[in-house]
Amino acid sequence: MSTPATPPRSLAEALRHRDDVSLAALLRSRPDLITPVPTDLTQLATRAGTRGSVVRALERLDRFALQTAEALAVAADPASYDELVGLMAGDARDAAVVQALPRALATLREQALVWGADDRLRLVRTARELLAPSPQHPSPTGLGPTVAEATAGMSPGRIQEIVTAAGLPSTHDSVSAVAALTKLFTGRRRMKALLGRAPAESLEVLTRLVWGPPYGQVTAEPASHLRWLIDRGLLLPTAPGTVVLPREVALHLRAGRAHRETEPVAPVVEAMATHRPQVVDTTAAGQAYTALATVEELLKDWDEGGPTVMRAGGLSVRDLKRTAVALDVAEPVAAFWVELAYAAGLLASDGDADERYAATPALDEWLELPAAQRWARLAEAWLAGTRTSGLVGGRDAKERTLSALGPGLDRSAAPEVRHRVLGLLAGLPEGASPTAESVLARLRWERPVRGAGGAQPGPQEGDDLRSRLARWTLSEAEMLGVTGRGALSAQGRALLGPRGAAAADSSTSASAPSGDSSSSAPSSPSGPGDKLPVHHHHHRPAAPPEPLSPVEQAAASAAAARLLAPLLPEPLDHVLLQADLTAVAPGPLERPLADMLDVLAEVESKGGATVYRFTPGSVRRALDAGRSASDLHDFLSAHSRTPVPQPLAYLIDDVARRHGHLRIGAASAYVRCDDDAVLSEILADKRSAGLRLRRLAPTVLAAQADPAALLEGLRAMGFAPAAESAEGDVVVTRAHAHRTPPRTAPEPVPDGPPTPDAALLSAAIRAIRAGDRASTTPLKTTPSPNGDLPRTSSAETLATMQAAVLTGDTVWIGYVNAEGSASQRVIAPIRVEGGFVTAYDHTADEVRTYPLHRVTGVAELAED
């Protein structure tokens, strides 16, 4: 890219000198600038200087780049590169700072926060307003106003008194007096001599104010050591009873440094322990298997209708506790599994009048997948989701308790933090687990804690949230099996994809000092102009990886599943039946076997092996599901490595013999039985009083209770009734039948506009270039008074188009589409016929056809 012949006078001119690669880097790092696409580079520059966009850009700077911007905010406008080096590296010229400064300056230039050549660096005005010191918003540097700013409202006589007391000759006007005082405070030798005469108590006061805040309180009659400072302008009054340390004095006392501690290099993520990669992968695989079992158990528990939805949305505290007890985990962990199943689209509210949470139809499809693919679906949903279970139990801005599955749990920063934490783990040697504090320190360096408005750091809720998200990510990744023993597993590394894993060392390469000491400062410009990032290739910051596209993420998830599959235990097709009415599953079971056992038996214990217990109730449940006694005997014989114990066979036969002996229907409800003695026994039982039964016939009883209550009541009395339909057929109740209507997984809440892909960037840059060419190229016709494209008649439009076809000229047209939206385009007409013009559209970079009656105006562009 050629250096411009004249220095840019504005950010728009600086952008105009950039090549397409540099513009693409700007739009990629600040995607809000192309939402919508600007019409030209002037509008792009204007949008880049708006407060909201600048605040967002500042919030995404790393600590050293932000410190560089803060230093420019307290420097002269414009400032030279040497002045910036002095503010950042101090009089001692810290070598690490000098070496890292070009990278930080390249970042600020790339993001259009700084423009101008190295001898005339300008911070964007809005950024200067946000970062410059003011009484309302102190500077993060701790510096106060300059001498000129602090003395702006001071009387000329008082200024002359200060000049005289400082040992300077009096002047004829305040401007020259302030300039002389400023020159004194910025002169190292003369300033040292002045402070050498100061009382010790006066120097102690300066020491307390030097690193900020620079303001102090004084009485109406200050002590002598304070009076000595005030008389010489080393402390200047800003309001009654308040004095401030001028910026020039503070910089002298700081040896020229704008910051007390400058952090040119990102903190290193430290390894806490190192394990063999095989141990990490197998441990993570065990956690992945447990995660699948936990989610399946949760969904099984809610399969026939889970907890009710609170009026405000979400689970009640009581239901969350019940879920935690059922899963045998702590409540925060239960909230994580519930939210994960919701994020994966496996559960949702059913939308009924008595609204409950239940499994979605997607569960059945998910259960049919191999275990590794089921895990990959969960991990992908966790990585991309913005629902944050760690917030459950906390309070929102209105002091309302945040509940699981309720509103207010979305945090748009969650996916970015999860990706970044895993990326940092990927940057460690295989098998190494990091210390949590070093991960948090690295994240704080990459995104410093900042207060509202970008002016002052402070403990804001949003600032602390990133640290909490990082801690939650480390624990959740372990529970999910993305990590094992704190180290990133092979399947976790694959889940990030090739570009995601590349993020591991992106900021390391960005912050690591270059080995080329000769490049620690930019070369002197050969001519005036904007020194763009391309001038410091070896210092360009490593760009963060772009987010994976849906296709790329699907490929990454598939790769992770392939790595995990061999590490998961193979499902078994058998159990071991025991004489105490239990069955032992020595490992995971195949899906049909597990589903049938869930109906036929109760889970008694879990662990390396699962113990099932057969009870009359569980056997009756299997019979209710349409199985016969012979079916159950055949099933157990086929899937047991041991003979079917006699007590179990007797239990099945005994329950089956009584099952369906009673029939229940709707009368409100009725009971019928061929054996009237059984009905007499029921009527004689005191426990049947609540059912309000009466005999209609020797074999029929009528009840006031509904069929479901009658069914449960008789079962509680020890009978085994079966429900029947209005036609008299036995009603077969299928287990796990309740499903919500089709539901989609919750959409993540975006953290601002998405990062544009290459195709969108290319199209946006073409449109901006074309619009800029139209707005800056002189017209052969006279523009309208306001500078807009003049309107032309149909005849003039046709004549101009035909002439452009013959001459090959490019024209600027105004166009209104079929929806009534107006736009301006730069086109090169190719053919005019039938009321249409076919032209190469420079804005869209393709050949298009436009109806001439929709062209509102046309103007020829002058030749370059």
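Everything numeric in this text was worked out from a predicted model, so none of it was measured. (Residues numbered from 1 in each chain as written. Predicted model: local features only at pLDDT ≥ 70, side-chain atom pairs only at ≥ 80, totals over all residues. Heavy atoms only, no water.)

**Digging into the pattern of salt bridges**
Short version of the rule: In what follows, salt bridge is the name for a side-chain nitrogen of Lys or Arg lying within 4 Å of a carboxyl oxygen of Asp or Glu. Each residue's exposure class comes from its accessible area (1.4 Å probe, protein chains only) as a fraction of the maximum for that residue type: buried when under 20%, exposed when over 50%, partly exposed otherwise.
All told, the structure shown has 34 salt bridges when counted by the stated rule. Of the charged contacts in the structure, one is a salt bridge between Glu-604 and Arg-613, with a shortest N-O distance of 2.4 Å. You can call Glu-604 partly exposed: its relative accessible area is 45%. Judged by relative accessible area, Arg-613 falls into the partly exposed class, the value being 27%. Beyond isolated ion pairs, a larger network of salt bridges with shared partners links Asp-77, Arg-122 and Arg-128.

**Notes on empty space enclosed by the protein**
Put simply, the rule reads: Space inside and on the surface of the protein is sampled on a 1 Å grid over the protein atoms alone, with a cavity defined as a set of points where a 1.4 Å probe fits but cannot get out and a pocket as an open set with protein on both sides within 12 Å along at least 5 of 7 lines; lining residues have an atom within 4 Å of a point. Grid points are joined across faces, edges and corners, and a volume is the space filled by probe spheres set on the points. By definition, any uninterrupted DSSP run of H or I lasting at least four residues is a helix, any uninterrupted run of E lasting at least two residues is a strand, and each is numbered from the N terminus. Polar here means any residue outside two lists: the nonpolar Ala, Val, Leu, Ile, Met, Phe, Trp, Tyr, Cys and Pro, and the charged Asp, Glu, Lys and Arg; Gly therefore counts as polar.
Per the counting criterion, the structure on display carries 3 cavities of 30 Å³ or more. Of the pockets and cavities examined, the largest cavity occupies roughly 110 Å³. As for the largest cavity, its lining consists of Phe-336, Glu-339, Leu-340, Ala-343, Ala-381, Trp-382, Gly-385, Arg-387, Thr-388, Ser-389, Arg-418 and Glu-476. Of all the secondary structure elements, the ones that give two or more residues to the lining of the largest cavity are helix 18 (331-343) and helix 20 (371-384). Residues of the lining of the largest cavity, tallied by class, amount to 5 nonpolar, 3 polar and 4 charged. Considered as a void within the structure, the second largest cavity measures approximately 40 Å³ in volume. Residues belonging to the lining of the second largest cavity are distributed by class as follows: 2 nonpolar, 2 polar and 4 charged.

**Quick word on helix 18**
Three or four residues apart is the spacing at which side chains of an α-helix point the same way, because the helix has 3.6 residues per turn. Selection rule: Given a helix with a known number of residues, its expected span is that number minus one, times 1.5 Å.
With 13 residues, helix 18 extends 18 Å between its outermost C-alpha atoms, agreeing within 8% with the 18 Å of an ideal straight helix rising 1.5 Å per residue. Among the residues of helix 18, Ala-334, Ala-335, Phe-336, Trp-337, Val-338, Glu-339, Leu-340, Ala-341 and Ala-343 are the ones counted as buried. Phi for Gly-345, located one or two positions after helix 18, is positive at around 80°.

**Some points on the packing of helix 6 (residues 81-89) against helix 7 (residues 95-110)**
Stated formally: Note on geometry: axes are lines fitted to C-alpha atoms, helical ones only across the stretch in contact, with angles between N-to-C directions running from 0 to 180 degrees. Oblique is the label for any angle not covered by the other classes, which are roughly parallel (under 35 degrees), roughly antiparallel (over 145) and roughly perpendicular (65 to 115). By definition, any crossing whose near helix is turned counterclockwise from its far helix by less than a right angle is left-handed, and any crossing with a clockwise turn is right-handed. Throughout, a residue-residue contact means that at least one pair of heavy atoms, one from each residue, lies within 4.5 Å.
At a closest axis distance of 10 Å, the pairing of helix 6 and helix 7 adopts a crossing angle of 120°. Looking at the two axes, helix 6 sits oblique to helix 7. Between helix 6 and helix 7 lies a crossing of right-handed hand. Between helix 6, through Tyr-81, Leu-84, Val-85, Met-88 and Ala-89, and helix 7, the contact on the second element is made entirely by Val-97, Val-98, Leu-101, Pro-102 and Leu-105. Within the contact of helix 6 with helix 7, the residues separate by chemical class into 10 nonpolar, no polar and no charged.

**Things to note about the sheet that holds strand 21 (residues 811-816)**
Our working definition: At least two DSSP bridges between two strands are needed for those strands to be called paired.
What the 5 strands build is an open sheet, ordered 24-23-22-21-25; its pairing is antiparallel. Sheet topology places strand 24 (846-851) and strand 25 (855-860) at the edges, where each strand pairs with a single neighbour. Sheet twist, expressed as the average angle between the axes of neighbouring strands with direction ignored, equals 45°. Packed on one face of the sheet, helix 35 (residues 794-807) meets strand 21, strand 22 (822-833), strand 23 (836-841) and strand 25 and runs near 60° to strand 22.

**Let's talk about the sheet that holds strand 5 (residues 242-244)**
The pairing of strands in a sheet happens through backbone hydrogen bonds and is either parallel or antiparallel. As summarised here, the arrangement of the 3 strands in space is 3-5-4, forming an open sheet in which the pairing is antiparallel. This sheet does not close on itself; its edge strands, each paired only once, are strand 3 (215-217) and strand 4 (236-239). In this sheet, neighbouring strand axes are inclined to one another by 40° on average, regardless of whether the strands run parallel or antiparallel. Sheet analysis places strand 4 next to strand 5, joined by 3 bridges and oriented antiparallel. In the strand pairing of strand 5, Pro-237 is matched with Val-243.

**Section: the pairing of strand 23**
Here 6 bridges tie strand 22 to strand 23, and the two strands are oriented antiparallel to one another. Looking at strand 23, one finds that Arg-831 is bridged to Thr-838.

**Points about the confidence of the model for the protein**
Caution applies to low-pLDDT regions: their predicted coordinates should not be interpreted in detail. For clarity, the threshold we go by: Per residue, pLDDT captures the predictor's confidence, and it can take any value from 0 to 100.
Looking at the protein as a whole, the pLDDT averages 84, with 87% of positions reaching at least 70. Here residues 451-463 is a poorly scored stretch, pLDDT under 50, and it has 30 contacts once near neighbours within four places are set aside; other chains count. This model gives residues 507-544 a pLDDT under 50, and the stretch forms 81 contacts once residues within four places in sequence are excluded.

**Focus: the nonpolar core**
What counts, and what does not: In this text, buried Ala, Val, Leu, Ile, Met, Phe, Trp, Tyr and Cys residues form a nonpolar core when linked through side-chain atoms within 4.5 Å.
Membership of the largest hydrophobic core comes to 94 residues, with the highest contact counts inside it found for Phe-185, Leu-234 and Leu-235. What Leu-234 contacts, discounting residues up to four positions off in sequence, is Phe-185, Met-191, Leu-194, Leu-195, Leu-206, Trp-228, Leu-229, Val-244, Leu-245, Pro-246 and Val-249.

**Looking at the side chain of Arg-103**
Note the cut-off: Counted as a polar contact is a pair of N or O atoms within 3.5 Å, where, for protein atoms, one must be capable of donating a hydrogen and the other of accepting one, and residues adjacent in sequence contribute only when both atoms are in side chains.
Position of Arg-103 among the secondary structure elements: in helix 7. Of the residues examined, Arg-103 reaches a relative accessible area of 3% and is grouped as buried. Side chain to side chain, Arg-103 and Asp-62 meet in a polar contact 3.0 Å long.

**Regarding the packing of aromatic side chains**
We apply this condition: Between rings of Phe, Tyr and Trp, where Trp is taken as its six-membered ring, a pair exists when centres lie within 6.5 Å; planes separated by under 30 degrees are stacked, by over 60 edge-to-face, and by other angles tilted. Counting as a charge over the ring demands two things of the Lys NZ or Arg CZ atom: a distance within 6 Å of the ring centre and an angle within 35 degrees of the ring normal.
As enumerated under the stated definition, the model contains 3 aromatic pairs in all. For the ring pair Tyr-815 and Tyr-850, a centre distance of 4.8 Å and an interplane angle of 70° mean the geometry is edge-to-face. With a gap of 35 residues between them, Tyr-815 in strand 21 and Tyr-850 in strand 24 connect regions that are remote in the sequence. Each member of the pair, Tyr-815 as well as Tyr-850, is classed as buried. The ring of Trp-366 has Arg-374 lying over it, and the distance from NZ or CZ to the ring centre is 5.5 Å.

**Description of unusual backbone geometry**
Of note, the amide linkage connecting Thr-35 to Pro-36 takes the cis form, showing an omega dihedral of 0°. Locating Pro-36 in the fold gives a position in the loop between helix 2 (20-29) and helix 3 (41-48). Here the amide bond leading from Asp-77 into Pro-78 is cis, since omega sits at 5°, within 30 degrees of zero. Position of Pro-78 relative to the elements: it lies in the loop between helix 5 (63-73) and helix 6. Residues other than glycine seldom take positive phi values, yet Leu-581 does so here, at roughly 60°. As for its placement among the helices and strands, Leu-581 is situated in the loop between strand 12 (576-578) and strand 13 (582-585). According to the relative accessible area criterion, Leu-581 is partly exposed, its value standing at 23%. Phi is positive for Arg-692, which is not a glycine, with a value near 55°. Relative to the assigned elements, Arg-692 resides in the loop between helix 32 (676-684) and strand 18 (693-697).

**Focus on the side chain of Thr-294**
Along the chain, Thr-294 falls in helix 16 (residues 277-301). Overall, Thr-294 belongs to the buried group, its relative accessible area being 12%.

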